[in-house]
Amino acid sequence: MTTPVDLSMNETPYPPLPSVRRLVEQGAGQLNRYPDHASKALVGAIAGHLDVPPEHVLVGPGSAGLCQHVIAGLDRTRGEVLHAALSFEAYPLLIANGGARPVPVPMDGFRHDLAAIADAVTADTRAVLLCNPNNPTGAVLHRAEVEAFLDRIPPEVVVIIDEAYREFVTDPDVPDGIDLYRGRDNVCVLRTFSKAYGLATLRVGYAVAGARVGAASRMAGMVFFPGGLGQAAAVASLAADATAELATRLADLAAERRWLAQALTGYGLPVAPSEANFLWLPVGDGSAGFAQRLGEAGVLVRPYPGHGVRITVGDRPANERLLAAVRETTVSPVP
Ligand SMILES: Cc1ncc(COP(=O)(O)O)c(C=O)c1O
């Protein structure tokens, strides 16, 4: 039997960049050594890349790990963290691990309902999580509405903007979280090397936030993370040659996303507009069965029972396998 194609994890289909791979291979001879616990080279590289002060950069075990550390490091007299539902399924766990109570706020269709989130803020709100683009729906929030939202949020409440998929965005009206952080000391931007940079297994994420957020989160973080190979690979990923290669890959992926969305629509499936490296098919009650049938046909996708199915954009051969599996199966779209 042929190996299944895995389009369930939002991974990049591209192999590591040659420069990054070389470094990791060389690093295998140094596995007995502890990493630089302050990640100085990596923090410096990120700070230079984004033009922010190094003391505003935190690095950690993936952006998911950092999300938890940031929440744990904020004002613990406040017990709640708001997040959109449907959004990244790990948020409730990360919030709970950060010592707070997750408060889901229903979506407005595929998008965060920013007005409802702002209305849900109370004196007990520690932080608000925005996911832009949103996992799993692929929808984006635009600059003007996010700025208006931030103006409504009290300065004591930290707004964590999770931009795990930021690099895949092509819509120019989507704000760069780093621009929003400048001048607002209650904004914390989370990013990762797991997705566009293709380093998911090395667990390297970063946060950019003012001193108020950063200081306590550093204390809440784990020591010796990220590991040495992750630090080196992430530094190499920000070098000029790697950045140029990344831009080519991102353009290819955006083209593939358009192509795949069109092909799936051609099969009568509902496909939501996506600015990430995955597509959201809101097939409602058909989700679990659809995902199961695709799995039986050798293509793994992520069902959200009752809501939809999330399909990662793969390379062309993987996407062709998906389309072949779709042809073999059927689904009843929500009316
Ligand atoms: C929205 C979002 N944030 C964070 C993460 C975690 O990424 P990392 O590998 O950096 O922990 C994911 C992974 O799927 C995600 O979808």
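What you see is a predicted model; the values in this text were computed from it and never measured.

**Description of the UniProt feature "domain: Aminotransferase class I/classII large" (unreviewed entry) in the chain**
- Per the UniProt record, the feature "domain: Aminotransferase class I/classII large" (unreviewed entry) sits at residues 4-325.
- As a span, residues 4-325 carries 40% helix and 17% strand, and end to end its C-alpha atoms are 11 Å apart.

**Quick notes on the side chain of Thr312**
- With respect to the helices and strands, Thr312 occurs in strand β12 (residues 308-312).
- On the basis of relative accessible area, Thr312 is assigned to the buried category, the value being 2%.
- Aside from chain neighbours lying at most four places away, what touches Thr312 is Leu7, Ser8, Met9, Asn10, Glu11, Asn277, Phe278 and Asn319.

**Thoughts on the pattern of salt bridges**
- Per the stated rule, a full pass over the model turns up 13 salt bridges.
- Asp119 is the salt-bridge partner of Arg152, the closest N and O atoms lying 2.7 Å from each other. Residue Arg152 is found in helix α6 (residues 143-152), and its partner Asp119 is found in helix α5 (residues 114-120); the two are separated by 33 residues along the sequence.
- The salt bridge involving Glu163 is made with Arg191; its shortest N-O contact spans 2.7 Å. Taken together, the positions of Glu163 in the loop between β6 (158-162) and α7 (177-181) and Arg191 in strand β7 (residues 187-192) put the pair 28 residues apart, joining distant regions of the chain.

**With respect to the sheet that holds strand β3 (residues 80-85)**
- Spatially, β2-β8-β7-β6-β5-β3-β4 is the arrangement adopted by the 7 strands of the open sheet, whose pairing is mixed. Two strands in the sheet have a free side with no partner beyond their single neighbour: β2 (57-60) and β4 (101-106). Ignoring which end each strand starts from, the neighbouring axes of this sheet average 25° apart.
- As defined by bridge partners, β7 adjoins strand β8 (residues 205-209) across 5 bridges and the pair is classed as antiparallel. Within the sheet, the bridge partner assigned to Val189 lies in β8 and is Val208.
- Lying over the sheet, helix α2 (residues 40-50) contacts β2, β7 and β8, oriented at roughly 130° with respect to β2.
- Along the sheet face, helix α8 (residues 211-220) touches β2, β6, β7 and β8 and points at about 30° away from the line of β2.

Calculation criteria
Residues numbered from 1 in each chain as written. Predicted model: local features only at pLDDT ≥ 70, side-chain atom pairs only at ≥ 80, totals over all residues. Heavy atoms only, no water. UniProt positions renumbered as here; feature names shortened; annotations may be inferred. Helix = DSSP H or I, 4+ residues; strand = E, 2+ residues; numbered from the N terminus. Buried < 20%, exposed > 50% of the residue type's maximum accessible area, 1.4 Å probe, protein only. Contact = heavy atoms within 4.5 Å. Salt bridge = Lys/Arg side-chain N within 4 Å of Asp/Glu carboxyl O. Pairing = 2+ DSSP bridges. Axes fitted to C-alpha atoms, helices over the stretch in contact; angles between N-to-C directions.

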